[in-house]
Amino acid sequence: MDSLRIFARIGRWVLTALLFAAVALCLAITIVPRFLDRIYYRGPATGHFDGQRFFNPDGDGDTLQPTPGGSRAGFMARYLLGNDGRPAWPERIAVRHAPVAPRVAGQAMVATWIGHASVLVQTQGLNILTDPVWSATAGPLGIGPRRVAEPGIALADLPKIDLVLVSHDHYDHMDLPTLRKLWARDRPLIVTSLGNDSVIRQVGVPSVARDWGGRVAVRPGIEVIVTRNHHWDSRWFTDRNRALWSSFVVRLPGGNVFFAGDTGAGDLRWPDEARAYGPVRLALIPIGAFRFVDGQMESDSHIGPIDSVEVYRRLGASTGIGIHWGTFRLSYEGRDTPPRLLGAALACTGQHGFVTVPPGRPTVITPYAPPVATPAMARAELLRCLDTPAVRALR
């Protein structure tokens with residue numbers, strides 16, 4: 001018994017030492033930023049760039065929080081000591097891989113969720129890949145949240161990729177080892193927003209960067225438009241907002257593809273701006289990593305289902321797929337809370353066509369058809385509709 005107490009005491013000492021080391025690292029980063037800061041972009045000031053750093057024109061009050069739900073030191077202490085109160089996730093999720101066609105011709109469209117924000121969209125003979133992440137962890141030097149669901153398509157089984165969209169430089173969206181492998185194998189056109197091309201170039205991979213509203217021609221009749229969303233960026237804490245975050249519209253015959261990237265709600269006018277580029281046949285919209293305290297329905301730079309259904313309505317999309325959930329444990333909600341809450345929110349608003357799919361299952365996207373008009377539901381009214389025992393039980 002005495003031996004057990006000694007080992008427990010040693011374990012607490014080790015965890016305490018690790019905590020203080022982590023806090024010391026954060027302080028060092030704050031005190032000596034010149035060693036870790038980077039300049040990713042230089043250009044004139046605009047409505048979302050002050051000449052040094054980018055910002056959200058609809059306000060940055062929410063995205064400036066050090067960590068969702070509290071201070072950085074408190075967050076790290078709870079994480080290291082294992083008492084953050086998060087519901088348990090499974091260690092591993094089995095993924096059933098299905099055959100993927102080399103190409104999908106004409107206006108037919110197939111989408112396969114790889115996991116998190118990575119989706120393969122096949123149409124018009126093009127293979128389009130969003131925020132490709134095949135690494136086992138989302139963080140620097142192999143440190144960070146580990147994926148619980150393996151990629152829905154093994155990298156070796158991925159068809160030749162023609163176009164890659166990279167929304168911003170957070171590690172769960174910009175995976176440099178994956179981008180390097182894709183470039184070496186396929187030489188795809190990689191489109192991103194300002195400054196991210198500098199980060200991608202660090203591994204010898206070229207990309208095309210545009211400001212919000214910028215366009216990149218893919219081939220006649222098909223182009224990528226870099227569009228606004230509401231987020232922030234950083235690779236090393238002190239390089240915050242040195243590169244721009246974005247969503248994308250891929251203009252296609254038969255209806256566009258919209259990829260929201262990683263985003264909070266902000267003013268929620270950015271979906272309207274994307275819709276103005278033409279009818280949206282497929283919308284890829286985040287629904288997870290939004291809860292950091294019990295009952296929370298959204299968090300600074302991540303939308304949850306109650307905002308996702310409003311994004312879907314504003315886009316006027318005929319089909320939506322929920323992404324950014326169930327792959328990396330980034331927040332405090334249970335793994336299956338996002339799709340279950342999405343189903344409840346859709347039932348309240350009376351919307352259809354917005355679904356979640358298992359990773360690795362190719363999903364045929366129906367031709368564009370104007371959705372049935374759905375009136376806007378005030379946020380307070382939606383929250384009242386969701387105030388049920390079943391929803392309250394979701395963690």
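Structure shown above.
Now for a description of the structure that goes with this document. (Residues numbered from 1 in each chain as written. Predicted model: local features only at pLDDT ≥ 70, side-chain atom pairs only at ≥ 80, totals over all residues. Heavy atoms only, no water.)

### Details of the side chain of Arg-335
What counts, and what does not: For the purposes of this entry, the term helix denotes a DSSP run of H or I that reaches at least four residues, the term strand denotes a run of E that reaches at least two, and both are numbered from the N terminus. A 1.4 Å probe rolled over the protein chains alone gives each residue an accessible area, and that area as a share of the maximum for its type sets the label: buried under 20%, exposed over 50%, partly exposed in between. None of His or the chain ends enter the tally, which takes Lys and Arg as positive and Asp and Glu as negative. The term salt bridge refers to a side-chain nitrogen of Lys or Arg lying within 4 Å of a carboxyl oxygen of Asp or Glu. Here a polar contact is recorded for every N or O atom pair within 3.5 Å, except that within protein the pair must consist of a potential hydrogen donor and a potential acceptor, and residues adjacent in sequence are included only if both atoms are side-chain atoms.
Note that Arg-335 resides in the loop between strand 12 (319-323) and helix 7 (337-349). Among buried charged residues, Arg-335 stands out as having no salt bridge; its nearest opposite-charge side chain is Asp-336, 7.4 Å away. One polar contact links the side chain of Arg-335 to the main-chain carbonyl oxygen of Gly-326, over a distance of 2.9 Å.

### Looking at the nonpolar core
Using the following cut-off: Put simply, a nonpolar core is a bunch of buried Ala, Val, Leu, Ile, Met, Phe, Trp, Tyr and Cys residues held in one set by side-chain atoms that sit within 4.5 Å of each other.
Grouped together as the largest cluster of nonpolar side chains are 64 residues, with contacts concentrated most on Val-121, Leu-165, Phe-258 and Leu-282. If you look at the next biggest cluster of nonpolar residues, it comprises 21 residues, including Ile-153, Ile-161, Ile-190 and Ile-200.

### Quick look at the pattern of salt bridges
For the structure shown, the criterion picks out 17 salt bridges. With a shortest N-O distance of 3.4 Å, Asp-197 and Arg-201 are connected by a salt bridge. With Asp-197 and Arg-201 both in helix 4 (residues 196-201) and 4 residues apart, the pair spans about one turn of that helix. Its relative accessible area of 17% is what places Asp-197 among the buried residues. When the shortest N-O distance is used, the salt bridge between Arg-395 and Asp-294 registers 3.3 Å. Placement of Arg-395 in the segment after helix 9 (389-392) and of Asp-294 in the loop between strand 11 (280-286) and helix 6 (305-315) is noted, with a sequence separation of 101 residues between them. Residue class for Arg-395 comes out partly exposed when judged on its relative accessible area of 39%. For Asp-294, a relative accessible area of 62% gives the class exposed.

### Structural notes on the pairing of strand 10 (residues 256-259)
Operational definition: Here, strands pair whenever DSSP counts at least two bridges between them.
On strand 10, burial covers both faces: Asn-256 and Phe-258 on one face and Val-257 and Phe-259 on the other are all buried. When strand 9 (residues 247-251) meets strand 10, the two strands line up antiparallel, connected through 3 bridges. Looking at strand 10, one finds that Val-249 is bridged to Phe-258. Linking strand 9 back to strand 10 in an antiparallel pair, the connection comprises 4 residues, with Gly-254 at a positive phi of about 90°. Taken together, the 4 bridges between strand 10 and strand 11 define a ladder with parallel strand orientation. Within strand 11, the position partnered with Val-257 by the bridge is Leu-282.

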